[in-house]
Amino acid sequence: MPLSSVRADTLVTHAGLDPERNYGIVNPPVYHASTVLFPTLDSLEQANPFEQVYYGRYGTPTTFALEQAVTELEGGYRTVSAASGVSAVTTALVALTRSGDHLLVSDCAYAPTRHFCDHILARFGVKIEYFDPRIGSSIGQLVRPETKAVFLESPGSSTFEISDVSAITRAARAASQHQLYILLDNTWATPLLFRPFEHGVNVSIHSATKYIVGHADAMLGLAVCDQASHRQVKETAGKLGTCAGPDDCYLALRGLRTLSVRLRRHQDNGLALADWLARQPEVSRVIHPARPDHPDHELWRRDFTGACGLFSIVLKTCSRAALAQFLDHMQWFGMGYSWGGFESLILPTNLNSARTATTWNEPGVLLRIHAGLENIDDLISDLDGAFKRLRAAS
Ligand SMILES: *Cc1c(COP(=O)(O)O)cnc(C)c1O
């Protein structure tokens, strides 16, 4: 069966496996490697880090199995793995821009992505300009002769705006005279819920730390590249030395096998929590793209095949003491960074000065919620207790 006609939940179960290369054992072994030996001078001189096992920093068969699996799932050309999601973002940006270039970045991009652009790329002479994630085809008006790349993230971090990726890539390319690279942080959708290459993207980036690893026990990034971008991204990864550890690649491969079933549960729990939260008088807004009351819901329905478990709510203004009563003493919701593991999380998020091309001036407290795999009734009663403490403290 050609890969393009295999359904995603079958592919996620089998992609990247090659038992015949390993005594018939289902999963690839974890190769720990630095030195790779070449038996002859000829083989040493002809060795090619792009086409074979060459040196640990360029990957091992464990790395390649994961890269192959994610490439097959997204329909890219090849994937470059990196030590973290941030490292996949920064490697791709360094690979595709140079001094004097203009880089357009979505205003709702993950905060550390913005920090890297503002504080590192800008120091090396790349001009950064932020744009409204809902810009659509008007992006054409921002493209200059020196515009080299557009960086998208959809849904946006914390605020979940959906970008019209097709309209943006089409208009940006139409306004450009030369090769323009479109990068997309696809972490929220995972390789299963949005198909970047069908929307004109060159590099699809994942913090595999989140749902791909899925168990809150490894840091890992993946940049799925098309043919036009792969060589530069792979070369740059080798030069920056941003390689992923073999155990972490193994954990990501293991996590990948259950991604489809986990995501369904994350989605169901997330939507049920969102519904319940929308009925609480202290909640002024639920921000979840899969809900009909989300401003970009129609676009989400057009482009995505599902939702993960991550969304936000806005809690009406309350005292810090009341907020602490709400957030402390939770039984199942943990407070901490990252998301995409099996467990539920809740995190107050401060967007002050985190947006420059759009404005976030909604009163109240923005809370990011990750719906884990627990029983929904237990999660709701945990939140119910939190609202009772909030009311008692107000
Ligand atoms: C977490 C995250 C990253 C960074 O990933 P790390 O693996 O933590 O470095 C990048 N983009 C998005 C959207 C994220 O949520």
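Residues numbered from 1 in each chain as written. Predicted model: local features only at pLDDT ≥ 70, side-chain atom pairs only at ≥ 80, totals over all residues. Heavy atoms only, no water.

Structural notes on the overall build of the protein
And then number 1: A count of helices and strands for the protein gives 13 helices and 11 strands.
And then number 2: Its C-alpha radius of gyration of 22 Å places the protein within 12% of the 21 Å reference for a compact globule of 394 residues.
And then number 3: With the C-alpha coordinates of the protein rotated into their principal frame, the extents come out at 75 × 55 × 40 Å.
And then number 4: Here the protein holds 394 residues, and 54% of them are scored as buried.
And then number 5: The contacts in the protein between residues at least 6 apart in sequence include a share of 74% that link residues at least 24 apart.
And then number 6: Carbon and sulfur atoms make up 52% of the accessible area of the protein, which amounts to about 17500 Å² in all.
And then number 7: The centroid of the 35 positive side-chain charges in the protein is displaced by 3 Å from the centroid of its 40 negative side-chain charges. (Helix = DSSP H or I, 4+ residues; strand = E, 2+ residues; numbered from the N terminus. Rg over C-alpha atoms; globule rule 2.2 N^0.38 Å. Buried < 20%, exposed > 50% of the residue type's maximum accessible area, 1.4 Å probe, protein only. Contact = heavy atoms within 4.5 Å. Areas by Shrake-Rupley, 256 points an atom, 1.4 Å probe, with all protein chains shown as cover. Lys, Arg positive; Asp, Glu negative; His and termini not counted. Charge placed at Lys NZ, Arg CZ, Asp CG, Glu CD.)

Overview of the side chain of Ser-166
And then number 1: Relative to the helices and strands, Ser-166 is located in helix α6 (residues 165-174).
And then number 2: What makes Ser-166 buried here is its relative accessible area of 14%.
And then number 3: With residues up to four places along the chain from it excluded, the contact list for Ser-166 reads His-199 and Arg-302.

Describing the sheet that holds strand β8 (residues 283-287)
And then number 1: Read across the open sheet, the 4 strands follow the order β8-β9-β11-β10; overall the sheet is antiparallel. Strands with a single pairing partner mark the edges of an open sheet, and in this sheet they are β8 and β10 (345-349). Between one strand axis and the next, the sheet turns by 25° as a mean value, whatever way the strands run.
And then number 2: For β10 and strand β11 (residues 365-370), the ladder comprises 5 bridges, and the chain directions are antiparallel. (Pairing = 2+ DSSP bridges. Axes fitted to C-alpha atoms, helices over the stretch in contact; angles between N-to-C directions.)

Comments concerning the nonpolar core
And then number 1: Among the nonpolar cores identified, the biggest contains 60 residues, and Leu-66, Phe-131, Ile-139, Val-150, Leu-152 and Trp-188 are the most heavily contacted of them.
And then number 2: By residue number, the principal contributor to this core is helix α3 (residues 61-74), which donates 5 residues. (Core = buried A, V, L, I, M, F, W, Y, C linked by side-chain atoms within 4.5 Å.)

A short note on the pairing of strand β9 (residues 310-315)
And then number 1: Across the 6 residues that make up β9, a large majority, 6, are buried.
And then number 2: Side chains Leu-310, Ser-312 and Val-314 of β9 all project onto a buried face; the interleaved residues Phe-311, Ile-313 and Leu-315 project onto the opposite face, where all are buried too.
And then number 3: As defined by bridge partners, β8 adjoins β9 across 4 bridges and the pair is classed as antiparallel. Its bridge partner lying in β9, Arg-285 is registered against Val-314.
And then number 4: Sheet topology note: the β9/β11 ladder contains 6 bridges and is antiparallel.

Points about the confidence of the model for the protein
And then number 1: Scored by pLDDT, the protein has a mean of 97; 99% of the residues are at 70 or more.
And then number 2: Element-level pLDDT for the protein is lowest in helix α1 (residues 8-14), with a mean of 95, against a maximum mean of 99 in strand β6 (residues 203-207). (pLDDT = per-residue confidence, 0-100.)

A look at the packing of helix α10 (residues 259-278) against helix α13 (residues 376-393)
And then number 1: Running from amino to carboxyl end, α10 crosses α13 at an angle of 30°, the nearest separation of the two axes being 10 Å. Classed by the angle they form, the pair α10 and α13 counts as roughly parallel. In this structure, the crossing between α10 and α13 has a hand that is right-handed. Touching Asn-269, Ala-272, Leu-273, Trp-276 and Leu-277 of α10 are Ile-376, Leu-379, Ile-380, Leu-383, Asp-384 and Phe-387, all from α13. (Parallel < 35°, antiparallel > 145°, perpendicular 65-115°, else oblique. Left-handed = near helix turned anticlockwise from the far one by under 90°.)

Topic: the site of the ligand
And then number 1: In the neighbourhood of the ligand, 13 residues make up the surrounding shell, with Gly-85, Val-86, Asp-185, Thr-209 and Lys-210 lying closest.
And then number 2: Side-chain polar atom of Asp-185 to a nitrogen atom of the ligand: 2.6 Å apart, as the coordinates give it.
And then number 3: Ser-207 is positioned with one of its side-chain polar atoms (N or O) 2.9 Å from an oxygen atom of the ligand. (Near = heavy atom within 4 Å. Polar contact = N/O pair within 3.5 Å; in protein donor to acceptor, adjacent residues only side chain to side chain.)

Description of the pattern of salt bridges
And then number 1: Evaluated as defined, the whole model comprises 16 salt bridges.
And then number 2: Note that Arg-78 is salt-bridged to Glu-51, the shortest N-O span being 3.2 Å. With Arg-78 in strand β1 (residues 78-82) and Glu-51 in the loop between α2 (41-46) and α3, this pair connects stretches of sequence that are 27 residues apart.
And then number 3: Among the residues examined, Arg-78 registers a relative accessible area of 25% and is labelled partly exposed.
And then number 4: Residue Glu-51 is classed as exposed on the basis of its relative accessible area of 53%.
And then number 5: Where Asp-107 meets Arg-114, a salt bridge forms, and the shortest distance between an N and an O atom there is 2.7 Å. Here Asp-107 and Arg-114 have matching classes, each one buried.
And then number 6: Salt bridges linked by common partners bring Lys-127, Glu-129, Arg-144 and Glu-146 together as one network. (Salt bridge = Lys/Arg side-chain N within 4 Å of Asp/Glu carboxyl O.)

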